[in-house]
Amino acid sequence: MRSDDRANLAQRLIRRSGCRQWSGHRHAGWRIVLLGIAASLTMAATTTETIAPLAAVGRLDYAGFEDEYHCTATLIAPHVAITAAHCMETPATIANTYFQPGFEIDRGRERLGLSAWHTQTGGSDIALLCLTPAARTPPMPRAKAGPKPGEGLTIVGYGIPAERGQRHDSCTVDAVSDDGSFVLNCPLRPGQSGAPVLRHTERGREIVGVASATRNRQSLAWTIPGTGSLPACPN
């Protein structure tokens with residue numbers, strides 16, 4: 001599906017439910033999970049806890065004349081955050097979009113605007129956000145190795161009913177695809193689109209991928225580039 005087609009579809013459905021179908025030819029049936037003001041879903045139970053927020057993970061909030069919703073994003077450099085591309089294709093403008101790293105109970109360490117955003121090549125559902133001003137919060141390191149089947153990872157995001165605090169969902173990788181996507185055995189909740197998929201190492205946490213969509217009791221995520229340059233952002 002072309003970028004403009006996904007944006008048009010998202011505009012029509014966000015007002016009804018806060019989620020829509022991911023229609024890529026290899027990923028039919030997956031629902032993306034922005035949290036809109038009309039969203040109301042009954043979700044299956046999963047291993048979840050709400051704890052003190054990770055500073056580099058935050059809420060990506062958009063408020064317009066008719067729509068209001070949020071996704072999750074992660075700081076990966078002082079001037080760059082990463083999220084799901086469909087979170088950025090829905091708003092008509094970035095002027096009313098803000099990233100708040102470490103958001104908890106209506107408070108964020110910082111409230112950062114966006115100057116631009118870029119999608120990743122290859123058809124993945126990943127967007128890199130240029131932040132203004134640059135964040136003071138320390139960024140999350142990028143993993144150099146991708147996910148492996150059977151590996152235990154954690155999705156951290158702002159999904160219902162804890163959209164004002166971070167949810168930490170423990171998941172296992174069910175499958176890894178050669179297109180950069182991978183499937184985990186836990187569902188996403190509205191508001192967790194764009195959430196980081198984290199690996200715990202001896203050095204601490206690192207971001208492996210970005211959560212994109214959900215189906216039944218599984219979630220779809222995309223592996224992030226572990227190396228390489230980040231986009232040049234306007235000053």
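Parameters at a glance
Residues numbered from 1 in each chain as written. Predicted model: local features only at pLDDT ≥ 70, side-chain atom pairs only at ≥ 80, totals over all residues. Heavy atoms only, no water. Helix = DSSP H or I, 4+ residues; strand = E, 2+ residues; numbered from the N terminus. Buried < 20%, exposed > 50% of the residue type's maximum accessible area, 1.4 Å probe, protein only. Contact = heavy atoms within 4.5 Å. Areas by Shrake-Rupley, 256 points an atom, 1.4 Å probe, with all protein chains shown as cover. Pairing = 2+ DSSP bridges. Disulfide = S-S within 2.5 Å. pLDDT = per-residue confidence, 0-100. Polar contact = N/O pair within 3.5 Å; in protein donor to acceptor, adjacent residues only side chain to side chain. Core = buried A, V, L, I, M, F, W, Y, C linked by side-chain atoms within 4.5 Å.

Participant: Describe in detail the overall build of the chain, supporting the description with residues and values.
Facilitator: Each helix and strand in the chain was counted, giving two helices and 16 strands. Taking all 235 residues of the chain together, 54% fall into the buried category. Across the chain, the fraction of contacts at a sequence separation of at least 24, relative to all contacts at a separation of at least 6, is 65%. Counting only carbon and sulfur atoms, one obtains 49% of the accessible surface of the chain, whose full area is about 10,300 Å².

Participant: How would you explain the pairing of strand E8 (residues 97–101) if you had to name every residue and give the values?
Facilitator: Where burial is concerned, most of E8 is hidden: four out of the five residues are buried. Across five bridges, strand E5 (residues 57–63) lies against E8 in antiparallel orientation. In the strand pairing of E8, Leu60 is matched with Phe99. Bridge count between E8 and strand E9 (residues 112–119): two bridges; the pairing is antiparallel. Along E9, the bridge assignment pairs Tyr98 with Gly113.

Participant: Give me the lowdown on the pairing of strand E12 (residues 167–176), citing residues and values where you can.
Facilitator: Bridge count for strand E11 (residues 152–157) against E12 is six bridges, and the pairing is antiparallel. Residue Gly157 lies in a different strand from E12, and its bridge partner there is Arg167. Bridging between E12 and strand E13 (residues 181–184) involves three bridges; their strand directions are antiparallel. Among the inter-strand pairings, Val173 is bridged to a residue of E13, identified as Leu184. Counting the residues between successive antiparallel strands, the hairpin from E12 to E13 contains four residues, one of them, Gly180, with a positive phi of roughly 100°.

Participant: For the state of the cysteines, give the residues involved together with the corresponding values.
Facilitator: In this structure the tally under the stated criterion is two disulfides. The partner cysteine of Cys71 in its disulfide is Cys87, sulfur to sulfur 2.1 Å. Taking the sign of the torsion about the S-S bond as the criterion, the disulfide between Cys71 and Cys87, at about -95°, is left-handed. Highlighted residues: Cys71 in strand E6 (residues 68–77) and Cys87 in helix H2 (residues 85–89), separated in sequence by 16 residues. Of the two residues, Cys71 and Cys87, neither departs from the other in class, the shared state being buried. Here Cys171 connects covalently by a disulfide to Cys186, the sulfurs 1.8 Å from one another.

Participant: Hey, could you go over the confidence of the model for the chain for me, with residue numbers and the actual values?
Facilitator: With 69% of its residues at a pLDDT of 70 or more, the chain has an overall mean of 77. Every residue in residues 1–26 is under pLDDT 50, and counting partners more than four places away or in other chains gives 63 contacts. Across residues 34–51 the pLDDT falls below 50, and counting only partners more than four positions away or on other chains, this stretch makes 64 contacts in the model.

Participant: Provide a residue-level description of unusual backbone geometry, including the pertinent values.
Facilitator: Between Thr132 and the following residue, Pro133, the backbone shows a cis peptide bond with an omega angle of -5°. Note on placement: Pro133 falls in the loop between strand E10 (127–132) and E11. In this structure, Asn216 is a non-glycine residue whose phi angle is positive, near 55°. Tracing the chain through its elements places Asn216 in the loop between strand E15 (204–215) and strand E16 (218–223). By relative accessible area, Asn216 is classed as exposed at 71%.

Participant: Provide a residue-level description of the side chain of Arg59, including the pertinent values.
Facilitator: Structurally, Arg59 is set in strand E5. Separated by 2.7 Å, the side chains of Arg59 and Asp61 make a polar contact.

Participant: So what's going on with the nonpolar core? Residues and values would help.
Facilitator: Considering soluble globular proteins, one finds that nonpolar side chains tend to be buried as a cluster. Leu60, Ile82, Phe99, Leu129, Leu131, Met140 and Ile207 are the most contacted members of the largest nonpolar core, which has 42 residues in total. For this core, the secondary-structure elements that each account for two or more residues are E5, E6, strand E7 (80–83), H2, E9, E10, E15 and E16. Once residues within four sequence positions are removed from consideration, Ile207 is found in contact with Thr74, Ile76, Ile82, Met140, Pro141, Arg142, Ala143, Pro196, Val197, Leu198 and Ile224. Counting 14 residues, the second largest nonpolar core, distinct from the first, contains Ala143, Val173, Phe182 and Val197.

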